[in-house]
Amino acid sequence: MKKTAVLLYPQFSEYELSVALSILMQGEKPVIIVGLNHEPIRGEAGLTVVPDMTIEEVNLEDIDSLLLTGCMDIFALKDETRLFEFLSLLEKNVSVIASISSSPFLLAKAGLLKGKKYTVGMTEEARILSGVFESDNYSDELVVQDGKLITARGRGFIRFGKMLGEALNLSFDERWYQE
């Protein structure tokens with residue numbers, strides 16, 4: 001079975017991943033944790049995670065989906081060109097990309113949101129200042145799906161996780177995730 005790559009970076013938001021990871025576990029979907037390097041990654045709430053591999057080590061043939069979380073300072077990643085190259089390569093090989101909170105910034109910077117309806121956990125001012133978002137395609141909805149892309153604002157993490165599970169056709173008990 002192909003895997004879901006969970007891309008983590010410093011100050012990642014643990015809670016935004018909680019329901020999605022639980023649904024992946026319930027649906028018996030294999031997961032790999034991917035980092036920019038092999039160093040342990042500390043989340044915004046203090047959880048430290050050791051990545052299974054780096055973005056350069058991912059075998060794209062093994063992956064069918066990508067899960068991205070927001071972080072305290074997503075703009076700290078704005079110059080990580082190899083990250084954006086990875087996202088562009090991965091986009092061609094996966095059936096689902098799920099991105100929550102500030103992480104749609106990474107997708108937009110990599111060109112993956114061009115012509116796609118999306119939402120993001122950023123103020124309008126931050127979206128404009130970033131220079132990478134198409135304002136006409138922004139939606140105020142909590143969670144948005146456009147083709148293979150699922151985007152959400154942080155507080156939509158329950159619905160976001162469910163949409164990821166549904167997009168991957170996983171079997172899971174929705175009663176575990178009542179809002």
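In the block above lies the structure referred to throughout.
The following paragraphs examine the structure supplied in this document. (Residues numbered from 1 in each chain as written. Predicted model: local features only at pLDDT ≥ 70, side-chain atom pairs only at ≥ 80, totals over all residues. Heavy atoms only, no water.)

Some remarks on the overall build of the protein
This is how it is decided: Going along the chain from the N terminus, every DSSP run of H or I of four or more residues is numbered as a helix, and every run of E of two or more is numbered as a strand. We compute the radius of gyration over the C-alpha atoms and compare it with the globule rule, which gives 2.2 Å times the number of residues raised to the power 0.38. Note on contacts: a residue pair is in contact if any heavy atoms of the two residues lie within 4.5 Å. The charge count treats Lys and Arg as positive and Asp and Glu as negative. His and the chain ends do not count. Think of each charge as sitting on NZ of Lys, CZ of Arg, CG of Asp or CD of Glu.
For the protein, the helix and strand inventory stands at 5 helices and 9 strands. The helix and strand sequence of the protein, counted from the amino end, reads β-α-β-β-β-β-β-α-β-α-α-β-β-α. Since a compact globule built from 179 residues should have a radius of gyration of about 16 Å, the 15 Å found for the protein is in line with a globular shape. Here the C-alpha coordinates of the protein stretch approximately 40 × 35 × 35 Å along the principal axes. Expressed as a percentage of contacts within the protein between residues at least 6 apart in sequence, the contacts between residues at least 24 apart total 66%. One way to put it: in the protein the 18 positive side-chain charges average out to a point 3 Å from where the 27 negative ones average out.

Digging into the sheet that holds strand β1 (residues 3-7)
Selection criterion: Each pair of strands is called paired provided DSSP finds at least two bridges between the two strands.
In spatial order, the strands read β5-β2-β1-β6-β7-β9-β8; together these 7 strands make up an open sheet with mixed pairing. In this open sheet, the two strands that pair with only one neighbour each are β5 (53-54) and β8 (143-146). Pairing of strand β6 (residues 63-68) with strand β7 (residues 96-100), which is carried by 4 bridges, proceeds in the parallel orientation. Pairing of Leu 66 across the sheet is with Ile 97, part of β7.

Comments concerning unusual backbone geometry
Cut-off, in case you're wondering: Partly exposed residues are those whose accessible area sits between 20% and 50% of the maximum for their type, while under 20% is buried and over 50% is exposed, using a 1.4 Å probe and protein chains only.
Of note in the backbone geometry, Gln 11 takes a positive phi value of approximately 65° without being a glycine. Looking at the secondary structure, you find Gln 11 in the loop between β1 and α1 (14-26). At Glu 28, a position not held by glycine, the phi torsion is positive, near 55°. With respect to the secondary-structure elements, Glu 28 resides in the loop between α1 and β2 (31-35). Judged by relative accessible area, which is 64%, Glu 28 ranks as exposed.

Considerations on the layout of surface pockets
Here is the rule: A cavity here means a set of points on a 1 Å grid, drawn over the protein atoms and nothing else, where a 1.4 Å probe fits but cannot get out; a pocket is an open set with protein on both sides within 12 Å along at least five of seven lines, and a residue lines either one if it has an atom within 4 Å of a point. Grid points are joined across faces, edges and corners, and a volume is the space filled by probe spheres set on the points. Each residue gets one of three labels, nonpolar for Ala, Val, Leu, Ile, Met, Phe, Trp, Tyr, Cys and Pro, charged for Asp, Glu, Lys and Arg, and polar for the others, Gly among them.
Looking at the largest pocket, its volume works out to about 220 Å³. Along the wall of the largest pocket there are 15 residues; nearest its centre are Tyr 9, Pro 10, Leu 36, Ile 41 and Leu 77. Each residue belonging to the lining of the largest pocket can be placed in one class, and the counts come to 9 nonpolar, 2 polar and 4 charged.

Regarding the nonpolar core
So the rule is basically this: Take the buried Ala, Val, Leu, Ile, Met, Phe, Trp, Tyr and Cys residues and link them wherever side-chain atoms come within 4.5 Å; each set so joined is a nonpolar core.
The biggest cluster of nonpolar side chains holds 61 residues, and the ones touching the most others in it are Leu 7, Tyr 9, Leu 67, Leu 87 and Leu 106. Residues within four places of Leu 7 in sequence aside, it is in contact with Val 34, Ile 55, Leu 66, Leu 67, Leu 68, Thr 69, Leu 83 and Leu 87.

Details of the environment of Val 120
Mapped onto the fold, Val 120 is located in the loop between α3 (104-109) and α4 (124-130). Remark: the alpha-carbon pair of Val 120 and Ser 139, spanning 19 residues in sequence, is separated by 8.4 Å.

Topic: the packing of aromatic side chains
Under the convention used in this document: Only Phe, Tyr and Trp rings are paired, with Trp represented by its six-membered ring, and only when their centres lie within 6.5 Å; those with planes under 30 degrees apart are stacked, over 60 edge-to-face, the remainder tilted. Whether a charge sits over a ring comes down to the Lys NZ or Arg CZ being within 6 Å of the ring centre and within 35 degrees of the ring normal.
If you walk through the whole model with that rule in mind, you get 6 aromatic pairs. Geometrically, the ring pair formed by Tyr 15 and Phe 157 is edge-to-face, given 5.2 Å between the ring centres and 90° between the ring planes. Of the two residues, Tyr 15 sits in helix α1 while Phe 157 sits in helix α5 (residues 157-167), which places them 142 residues apart along the sequence. Assessed through its relative accessible area of 40%, Tyr 15 is described here as partly exposed. An angle of 65° between the planes, with centres 5.8 Å apart, marks the rings of Tyr 118 and Tyr 138 as edge-to-face. One end of the pair, Tyr 118, is in the loop between α3 and α4; the other, Tyr 138, is in the loop between α4 and β8, with 20 residues separating them in the sequence. The same class applies to Tyr 118 and to Tyr 138, which are both buried. An aromatic cluster of three or more residues is present, and its members are Tyr 118, Phe 133 and Tyr 138. In this structure, Lys 109 is placed above the aromatic ring of Phe 84, and the distance from its NZ or CZ to the ring centre is 5.6 Å. Lying across the ring of Tyr 138, Arg 127 places its NZ or CZ 3.6 Å from the centre.

Any link to function would need more than the numbers given here.
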